[in-house]
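Topology and contacts: notes
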Amino acid sequence: MKTLVYVDHDNAHLGDATLATVTAASKLGEVHLLVAGAGCSAVADAAAKIAGVGKVHVADDAAYEHQLAENVAPLIVSLMDAGEHGHDAVLFPATTTGKNIAPRVAALLDVMQISDILSVEGEKTFTRPIYAGNAIATVESTDAKLVITVRGTAFDKAEAEGGSAEIEAVASTGDTGKSSFVSAELAESERPELTSAKIIVSGGRALKDGETFESIIMPLVDKLGAGVGASRAAVDAGYVPNDYQVGQTGKIVAPEVYIAIGISGAIQHLAGMKDSKTIIAINKDEDAPIFQVADIGLVADLYKAVPELIEKV
């Protein structure tokens, strides 16, 4: 089977989520990558160095600068339907960009999308979470072409160095004129991005307000060099921006250490962090569901425990 992996990037840097997707694709067969962007030669060069990759297809066109799904999807379909040079499966990282493009590709190919896979069990058999991760479904596709999104935390990352793939330019399918890029408002932070952070400190509704969240959580975050997370309740209450949200409707993370402070552990939150290597929970309610998944649990008032913890770090 010949697989195509859509490379997650910003036209200058290759996204980490691509590496886990390459690992998933390698379990299906020969791995090719697609870099679609504008002025993205540095990304193509980095992609060619990924271990296990056979070929990198590059579509460098202004139409792909912002990776609009309406423009990128026809390009991917052309690579899927290229006769003997076509691909049997296309895999996307389950990132904002990947989840935006994949459904349109599936619709154009008239196949069912297989979302958020956790493992590859066979050539067309996969596992994926359902019911907020409380059950794992095994699904088998009967479609001729596969369109798959990959949960990055479920697969080891491929080695970013060591490969020497061929780089091949592919013809652009151009601008469809169906959408246009207006603007992007991106949050900038010196702290690690949530999905790549090795340590994450998350706060919940118990922190009362944004000022309290800042005074309690951020000093610990900075001491540990961690990423900042939050429960949906904290985000909905306006304590922090929604790009901090961890959970089924936020970001799925699996850091080395996840510290949950004042988070009760609703099902949708657990779905986003329960694959973390070590989970530490601080909550004054000893019956909080978070303690059922925690490796280390501290039943204490966070307003006393966290400052003490900061002093000892």
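Described below are features of the structure shown in this document. This structure is a prediction, so every number in the text was calculated from the model and none was measured.

**A short note on the overall build of the protein**
Each helix and strand counted, the protein has eight helices and 15 strands in total. The C-alpha atoms of the protein give a radius of gyration of 21 Å, which matches the 20 Å a tight globule of 313 residues would have. In terms of overall dimensions, the protein has a C-alpha envelope of 65 × 40 × 40 Å along the principal axes. Burial analysis of the protein (313 residues in total) assigns 48% to the buried set. Contacts in the protein between residues far apart in sequence, at least 24 positions, make up 65% of those at least 6 positions apart. Looking at the protein as shown, the accessible area adds up to about 14900 Å², and 48% of this sits on carbon and sulfur atoms. If you average the places of the 24 positive and of the 43 negative side-chain charges in the protein, the two averages end up 5 Å apart.

**Points about the sheet that holds strand β3 (residues 55–60)**
Pairing in this open sheet of seven strands is parallel, and the strands run β5-β9-β4-β1-β2-β3-β10 from one edge to the other. Both edges of this open sheet fall to β5 (113–117) and β10 (166–169), since each of them pairs with a single strand only. Taken pair by pair, the neighbouring strands of this sheet meet at an average axis angle of 25°, ignoring direction. Here strand β4 (residues 89–93) pairs with strand β9 (residues 146–150) via five bridges, running parallel.

**Re the packing of helix α3 (residues 69–80) against helix α4 (residues 96–109)**
The geometry of α3 relative to α4 is characterised by a closest axis approach of 9 Å and an angle of 50° between their N-to-C directions. Considered as vectors, α3 and α4 are oriented oblique to each other. For the pair α3 and α4, the crossing hand works out as right-handed. Residues A69, E70, V72, A73, P74, I76, V77 and M80 of α3 touch α4, and the partners they reach there are N100, I101, R104, V105, L108 and L109.

**Thoughts on the nonpolar core**
In terms of nonpolar packing, the biggest core is built from 32 residues, with L33, V56, L91 and I148 touching the most fellow members. Where this core is concerned, the elements lending two or more residues are α1 (17–26), β2 (30–37), α2 (41–48), β3, β4, β5 and β9. Top contributing element to this core by residue count: α1, with five residues. With near-sequence residues (within four places) excluded, L91 lies in contact with T3, L4, V5, Y6, T21, A24, A25, L28, I148 and V150. In this structure, A73, I101, V105 and L109 belong to the second largest nonpolar core, which totals 25 residues.

**A few points about unusual backbone geometry**
Unlike most non-glycine residues, D110 shows phi in positive territory, near 60°. Secondary-structure assignment places D110 in the loop between α4 and β5. Residue K208 is not a glycine yet carries a positive backbone phi of 75°.

**Some words on the sheet that holds strand β7 (residues 125–130)**
Across the sheet, which stays open at both edges, the three strands sit in the order β6-β7-β8 with antiparallel pairing between neighbours. Edge positions in the sheet fall to β6 (119–122) and β8 (135–140), since each has one partner strand and no second. Sheet twist, expressed as the average angle between the axes of neighbouring strands with direction ignored, equals 35°. Sheet topology places β6 next to β7; three bridges connect them, and they run antiparallel. Within the sheet, the bridge partner assigned to V120 lies in β7 and is F126.

**Digging into the packing of helix α5 (residues 210–224) against helix α8 (residues 302–312)**
Any two packed helices are characterised by the angle at which their axes cross and by the distance between the axes. Orientation of α5 relative to α8, taken along the N-to-C sense of each, is 25°, at an axis distance of 9 Å. Comparing the axis directions of α5 and α8 gives the class roughly parallel. The crossing of α5 and α8 is left-handed. The residues of α8 that touch α5, namely those facing T212, I216, P219, L220 and K223, are L302, Y303, V306, L309, I310 and E311. For the contact of α5 with α8, a count of residues per class yields eight nonpolar, one polar and two charged.

**Some words on α5**
Here α5 is 15 residues long and its end C-alpha atoms lie 21 Å apart, about the 21 Å a rise of 1.5 Å per residue gives. Of all bends in α5, the biggest is about 35°, found at I217, and the proline P219 comes one to four residues later. Regarding α5, the residues found buried are T212, F213, I216, I217, M218, L220 and V221. Close packing links the buried residues of α5 with β11 (199–203), β12 (227–230), β13 (257–261) and α8. You can read the cap of α5 off the contacts: a side-chain oxygen lies 3.3 Å from the backbone nitrogen of E211, and it is on D209.

About the thresholds
- Per chain, residues are indexed from 1 in the order of the written sequence.
- Local features are withheld for residues below a pLDDT of 70 in this predicted model, meaning they are given only at 70 or higher, and side-chain atom pairs are given and counted only at 80 or more; totals for whole chains, interfaces and linings count all residues.
- Side-chain measures were taken over the full set of non-hydrogen atoms in the model, leaving aside hydrogen atoms and water.
- Put simply, DSSP H or I for four residues or longer makes a helix, DSSP E for two residues or longer makes a strand, and each gets a number counted from the N terminus.
- Taken over C-alpha atoms, the radius of gyration is set against a globule rule of 2.2 Å times the number of residues to the power 0.38.
- Exposed residues in this analysis have more than 50% of their type's maximum accessible area, buried residues have under 20%, and partly exposed residues fall in between, with area computed by a 1.4 Å probe over protein chains only.
- Residue contacts are defined here by distance: any two heavy atoms, one from each residue, within 4.5 Å place the two residues in contact.
- Each accessible area value is a Shrake-Rupley result obtained with a 1.4 Å probe; residue values ignore everything except the protein chains displayed when judging cover.
- Think of it this way: Lys and Arg go in the positive column, Asp and Glu in the negative one, and His and the chain ends go nowhere.
- In this description, the location of a charge corresponds to atom NZ of lysine, CZ of arginine, CG of aspartate or CD of glutamate.
- Only when DSSP finds a minimum of two bridges between them are two strands counted as paired.
- Geometry is summarised by axes, namely lines fitted to C-alpha atoms with helices restricted to the contacting stretch, and by angles between N-to-C directions that run from 0 to 180 degrees.
- The labels follow the angle: roughly parallel below 35 degrees, roughly antiparallel above 145, roughly perpendicular from 65 to 115, and oblique for the rest.
- Left-handed is the label given to a crossing in which the near helix is rotated counterclockwise from the far helix by less than a right angle, and right-handed is the label when the rotation is clockwise.
- By nonpolar core is meant a set of buried Ala, Val, Leu, Ile, Met, Phe, Trp, Tyr and Cys residues that side-chain atoms within 4.5 Å join together.
- Classification used: nonpolar for Ala, Val, Leu, Ile, Met, Phe, Trp, Tyr, Cys and Pro, charged for Asp, Glu, Lys and Arg, polar for all others including Gly.
- For a helix, the expected span equals 1.5 Å multiplied by the number of residues minus one.
- Bend at a given residue is defined as the angle between two axes, one fitted to the seven residues that end at that position and one fitted to the seven that begin there.
- Each polar contact in these results corresponds to two N or O atoms within 3.5 Å; when the atoms are within protein, one needs to be able to donate a hydrogen and the other to accept it, and residues that are neighboring in sequence are counted only if both atoms are side-chain atoms.

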